[in-house]
Amino acid sequence: MNSARDPRIAIVGAGLGGLTCARILQQHGRSVTVFEREASADARPQGGTLDMHTDTGQAALAAAGLLDRFHALARPEGDEWRVLDFATAALLAQQGPSDDGGKPEIDRGQLRGLLLDSLADGTVEWNRAVSGVTPLTDGTCRLLFGDGTAEGFDLVVGADGAWSRVRPALTHATPRYTGVTFVETGFDHCDSRHRDLARLVGNGSMLAKGTGRTLVAQRNSDGHIRAYIAFRAPQDWHAAAGIDLDDQQAVRTHLLRKFDGWDESLRYILRNSDNGFTNRSLFVLPVPHTWEHVPGITLLGDAAHLMPPVGLGANLAMLDGSDLAHALVTEPNVDDAVRAYESIMLPRSIEAATGSAQGLDHLVPATAP
């Protein structure tokens, strides 16, 4: 049976949502272990910049006691948007940061580091890949690891992203391709080496849209600009074009053809990037994505509600982590806590996923914008 006093809690995945949950649990004296398949915190780059919203991401950080440390790292000026005409690069619209600094930007890696540093030593067990989870008749679960070992827990939280190994214990849903691909690239030391691009982007983000094609560039910290070349295409667009994704020059040439007719100051993003190109096909879970409650297992973040990256995913993952932790420290037992959490999270995620799908259609319009 579950122990109300000291439940054994496992979080699978050391992303923002799982770490937020672990931090708040530890604040309340609860023990928790986070299992992460990557070898270390710096095993790979963590991605671009995130805008933290007052009522979601920042609320979670406040619950975790980390809001002041977040504001010390965040960039309020990053909440600026510039929309340019794709053919002339003329400024069509501009939105500056809100007066109250409601959505400051922070590099994902900085935010993850802030959360990791807040945890007790040894909370995250690195290089511990999970292969699945088996619910048991007594309401607990057996967590299965890639090395063939297993451990028992009163609660397993799947915070392991789009291709979650925990999700199949709750639902048969699998992510589907949206029809939109992002090709990511980047520019270093922009204010000295890429000054025209830096002026074009400004302090925050720049957007230019054509039919089925969009360029987005965003300021990160330390003078870095991360750019996303977005377009509607089959998932195997590169194979159909006879392009090896490891052949960076072939990718560059193909993208330049795809954006023929765009202003040369925008095509600079395609011609002169410093960091090569990384193909990122966008996947989503079905909407609505729900499941019948199973004792001892739940999901948060992308594992529960994978949606397009239009500003909500990280915020919701952190709010999920905060809400789940709050339920675990206030409800009388683990099962009541999970039921209370899911009753809030699932309806909220349906609404957010619907809005995010509309946001992706707006970001990469199928017809002339």
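Residues numbered from 1 in each chain as written. Predicted model: local features only at pLDDT ≥ 70, side-chain atom pairs only at ≥ 80, totals over all residues. Heavy atoms only, no water.

Chemist: Just to check I follow, could you spell out the nonpolar core for this structure?
Modeler: The nonpolar side chains of a soluble globular protein tend to be buried with one another. Core analysis: the biggest nonpolar cluster contains 61 residues, and Met52, Leu111, Leu143 and Val156 have the highest contact counts within it. In terms of residues, this core owes the most to one element, helix α11 (residues 313-330), which gives seven residues. Excluding its chain neighbours within four sequence positions, the residues that come into contact with Met52 are Gly57, Gln58, Leu61, Phe70, Gly102, Lys103, Pro104, Ile106, Leu111, Ala314, Asn315 and Met318. Grouped together as the second largest cluster of nonpolar side chains are 29 residues, Val183, Ala208, Trp262 and Leu270 included. (Core = buried A, V, L, I, M, F, W, Y, C linked by side-chain atoms within 4.5 Å. Buried < 20%, exposed > 50% of the residue type's maximum accessible area, 1.4 Å probe, protein only. Helix = DSSP H or I, 4+ residues; strand = E, 2+ residues; numbered from the N terminus. Contact = heavy atoms within 4.5 Å.)

Chemist: Honestly, the packing of aromatic side chains in this entry has me stumped. Any pointers?
Modeler: For any pair of aromatic rings, geometry is given as the distance between the ring centres together with the angle between the planes. For the coordinates displayed, the defined rule picks out nine aromatic pairs. Here the aromatic rings of Tyr177 and Phe283 are separated by 5.9 Å at their centres, their planes lie at 55°, and the arrangement is tilted. Of this pair, Tyr177 sits in strand β12 (residues 176-187) while Phe283 sits in strand β16 (residues 278-284), placing them 106 residues apart in sequence. The class of Tyr177 is buried, set by a relative accessible area of 17%. Given a relative accessible area of 18%, Phe283 falls into the buried group. Centre to centre, the rings of Phe182 and Tyr228 are 5.8 Å apart; their planes meet at 50°, and the pair counts as tilted. Within this pair, whereas Phe182 is found in strand β12, its partner Tyr228 is found in strand β15 (residues 225-232), the two being separated by 46 residues in sequence. Note on accessibility: Phe182 and Tyr228 belong to one class, buried. By way of ring pairs, the aromatic residues Phe35, Phe145 and Phe153 are connected into one cluster. Sitting over the face of the ring of Phe259, Arg213 holds its NZ or CZ atom 5.8 Å from the ring centroid. (Phe/Tyr/Trp six-rings, centres within 6.5 Å; stacked < 30°, edge-to-face > 60°. Lys NZ or Arg CZ within 6 Å of the ring centre and 35° of its normal.)

Chemist: Just to check I follow, could you spell out unusual backbone geometry for this structure?
Modeler: With the exception of glycine, most residues fall at negative phi, and the peptide bonds are largely trans. The omega torsion across Val287 and Pro288 is 0°, close enough to zero to call that bond cis. Inspection of the secondary structure puts Pro288 in the loop between β16 and β17 (297-299). The phi angle at His189 is positive, at roughly 50°, despite the residue not being glycine. Examined against the element boundaries, His189 turns out to sit in the loop between β12 and α5 (190-193). Positive phi, normally seen in glycine, also occurs at Asp222, with a value near 60°. Take Asp222: it is sitting in the loop between β14 (213-219) and β15.

Chemist: What's the story with the sheet that holds strand β9 (residues 141-145) in this structure? I'm lost.
Modeler: Two modes of strand pairing occur in sheets, parallel and antiparallel, and in both the strands are linked by backbone hydrogen bonds. Spatially, the three strands line up as an open sheet ordered β8-β9-β10, and their pairing is antiparallel. Edge positions in the sheet fall to β8 (130-135) and β10 (150-153), since each of these pairs with one other strand and no more. Within this sheet the neighbouring strands show an average axis-to-axis angle of 25°, counted without direction. In the sheet, β8 pairs with β9 via five bridges, with the strands oriented antiparallel. Paired with Val130 across the strands is Phe145, a residue of β9. (Pairing = 2+ DSSP bridges. Axes fitted to C-alpha atoms, helices over the stretch in contact; angles between N-to-C directions.)

Chemist: I would appreciate a short explanation of the sheet that holds β16 in the present structure.
Modeler: Spatially, the seven strands line up as an open sheet ordered β5-β4-β13-β14-β15-β12-β16, and their pairing is mixed. The open sheet has two edge strands, β5 (91-95) and β16, and neither has a second partner. Put simply, the sheet's adjacent strands are angled 20° from each other on average, direction ignored. Note: strand β13 (residues 205-210) against β14, six bridges, orientation antiparallel. Paired with Gly210 across the two strands is Arg213, which belongs to β14.

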